[in-house]
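Structure assessment
What follows is the residue order along each chain.
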Amino acid sequence: MPRIGVMFDRDLPPEDLPAFAAAVEQAGADDLWVVEDLGWAGSISTAALALAATSRIRVGIGITPVPLRSPALLAMELAMLARVHPGRLVAGLGHGVTQWMEQLGVKPKSPLAMLEETIVAVQGLLRGETVTMNGREVCIDGVRLVHPPAVLPPIVTGVVKPRSLELSGRVADGTIIAEGNGPAQLTDALTHLRRGGAGDEHELIVFTYLHVNDDPADAAKVTGAMVEGQASWLGLPPSEVFSLIGPLGELPSKVDSLVGAGAGTIVLRPLGPDPIPQVKAALKALGR
């Protein structure tokens, strides 16, 4: 049985997060995932609030761009959360949107090296090692955490292209697949992850849009702009964007198709106003 998570959408008011997280936990979700996009909210502080507002569910960061933080600072922040909430944190790292990294003046010369070196350095620091690295993008000289976590949080990536997927398979504990990707895209992603060395323990995490609605025309009014934007980013026609948009009865079979393609965790991103009733209905339909 897959893990079922729920995303706290970036457009929701930040002050709604504690109540949202508590409601998601009470409804039976396994995970709550938070995001970090330029101009919205920082993922580390958001994850801290979500962890503090809950007691059982896992909180995932999807994702923090590695050019924005030194590996030492990132490890310090993750270790703090992991010590206080052992076994309940998943740290998602990624390249970051190129345009945003350019806006901030932190675009690396080699995004691949930056991501891999950051992951390796953060993993070593979280294990309590003294880390020295003189890499292409990351330089650390004899740094060690005073309070490493007793339970190591998984480090996962949010990546798209083949070389980045191979990197994830080589050094990360899991990979986040963006909204709109269906079974065919998961199969393709797994090919690259396996080529990088990912085994069965590598967690494949799939984000997917959710909107329970029996009326296709009404559903399109609520979700159409988001789906069209994602279709453009994926290079697909909107009709080929995979989602959980539609009648409630279709959800289990669609989720099963993702699981059959290798997904271990499916994260619902509810679209439209008043997301909690949508989440509750979906979780119930999925046996939570």
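Criteria and cut-off values
- Residues numbered from 1 in each chain as written.
- Predicted model: local features only at pLDDT ≥ 70, side-chain atom pairs only at ≥ 80, totals over all residues.
- Heavy atoms only, no water.
- Helix = DSSP H or I, 4+ residues; strand = E, 2+ residues; numbered from the N terminus.
- Rg over C-alpha atoms; globule rule 2.2 N^0.38 Å.
- Buried < 20%, exposed > 50% of the residue type's maximum accessible area, 1.4 Å probe, protein only.
- Contact = heavy atoms within 4.5 Å.
- Areas by Shrake-Rupley, 256 points an atom, 1.4 Å probe, with all protein chains shown as cover.
- Core = buried A, V, L, I, M, F, W, Y, C linked by side-chain atoms within 4.5 Å.
- Salt bridge = Lys/Arg side-chain N within 4 Å of Asp/Glu carboxyl O.
- Patch = residues over 30% accessible without salt bridge, like charges linked within 9 Å, V, L, I, M, F, W, Y side chains within 5 Å.
- Axes fitted to C-alpha atoms, helices over the stretch in contact; angles between N-to-C directions.
- Parallel < 35°, antiparallel > 145°, perpendicular 65-115°, else oblique.
- Left-handed = near helix turned anticlockwise from the far one by under 90°.
- Nonpolar A, V, L, I, M, F, W, Y, C, P; charged D, E, K, R; others polar.

Here the focus is the overall build of the protein chain. Each helix and strand counted, the protein chain has 10 helices and 11 strands in total. What you see for the protein chain is a C-alpha radius of gyration of 18 Å, in line with the 19 Å of a compact globule of 288 residues. Counting only C-alpha atoms, the protein chain reaches 60 × 40 × 40 Å along its principal axes. Per-residue burial for the protein chain yields a buried fraction of 53% across its 288 residues. Within the protein chain, residue pairs in contact and separated by at least 24 positions form 73% of the contacts whose partners lie at least 6 positions apart. Per element, the accessible surface of the protein chain, about 12,800 Å² overall, is 54% carbon and sulfur.

What follows concerns helix H6 (residues 162-171). For an α-helix, 3.6 residues make a turn, and residues three or four places apart therefore share a direction. Listing the buried residues of H6 in full gives Ser164, Leu165, Leu167, Ser168, Gly169 and Val171. Buried residues along H6 sit in contact with helix H5 (111-126), strand S7 (155-158), strand S8 (174-177) and helix H7 (183-196).

Let's shift gears to the nonpolar core. Residues Leu32, Leu78, Leu126, Ile155 and Leu186 are the most contacted members of the largest nonpolar core, which totals 70 residues. Ignoring any residue separated from it by four or fewer positions in sequence, one finds Ile155 in contact with Leu78, Ala91, Leu93, Ile119, Val122, Gln123, Leu126, Ala172, Asp173 and Gly174.

Applying the stated rule across the entire model yields 15 salt bridges. Arg3 is the salt-bridge partner of Asp31, the closest N and O atoms lying 2.7 Å from each other. In this pair, Asp31 sits in strand S2 (residues 31-34) while Arg3 sits in strand S1 (residues 3-7), placing the two residues 28 residues apart along the sequence. The exposure class assigned to Arg3 is partly exposed, which follows from its relative accessible area of 31%. Across the pair Asp9 and Arg269 runs a salt bridge whose closest N-O atoms are separated by 2.7 Å. Separated by 260 residues along the polypeptide, Asp9 in the loop between S1 and helix H1 (17-27) and Arg269 in strand S11 (residues 265-270) bring together distant segments of the chain. The class for Asp9 is buried, based on a relative accessible area of 8%. Classification of Arg269 by relative accessible area gives buried; the value is 10%. Here the residues in one salt-bridge network are Arg3, Asp31, Arg58 and Glu203, joined through shared partners.

Residues Leu38, Leu68 and Leu104 make up a contiguous nonpolar surface patch of roughly 220 Å² in combined accessible area. Tracing the backbone through its elements, the reader meets Leu68 in the loop between strand S3 (58-65) and helix H3 (71-84).

Moving on: the packing of H5 against H6. Running from amino to carboxyl end, H5 crosses H6 at an angle of 15°, the nearest separation of the two axes being 10 Å. Relative to H6, H5 is oriented roughly parallel. Crossing geometry of H5 relative to H6 is assigned as right-handed. Contact residues: Leu112, Leu115, Glu116, Ile119, Val120 and Gln123 in H5; Arg163, Ser164, Leu167, Arg170 and Val171 in H6. Per-class residue counts for the contact of H5 with H6 are 6 nonpolar, 2 polar and 3 charged.

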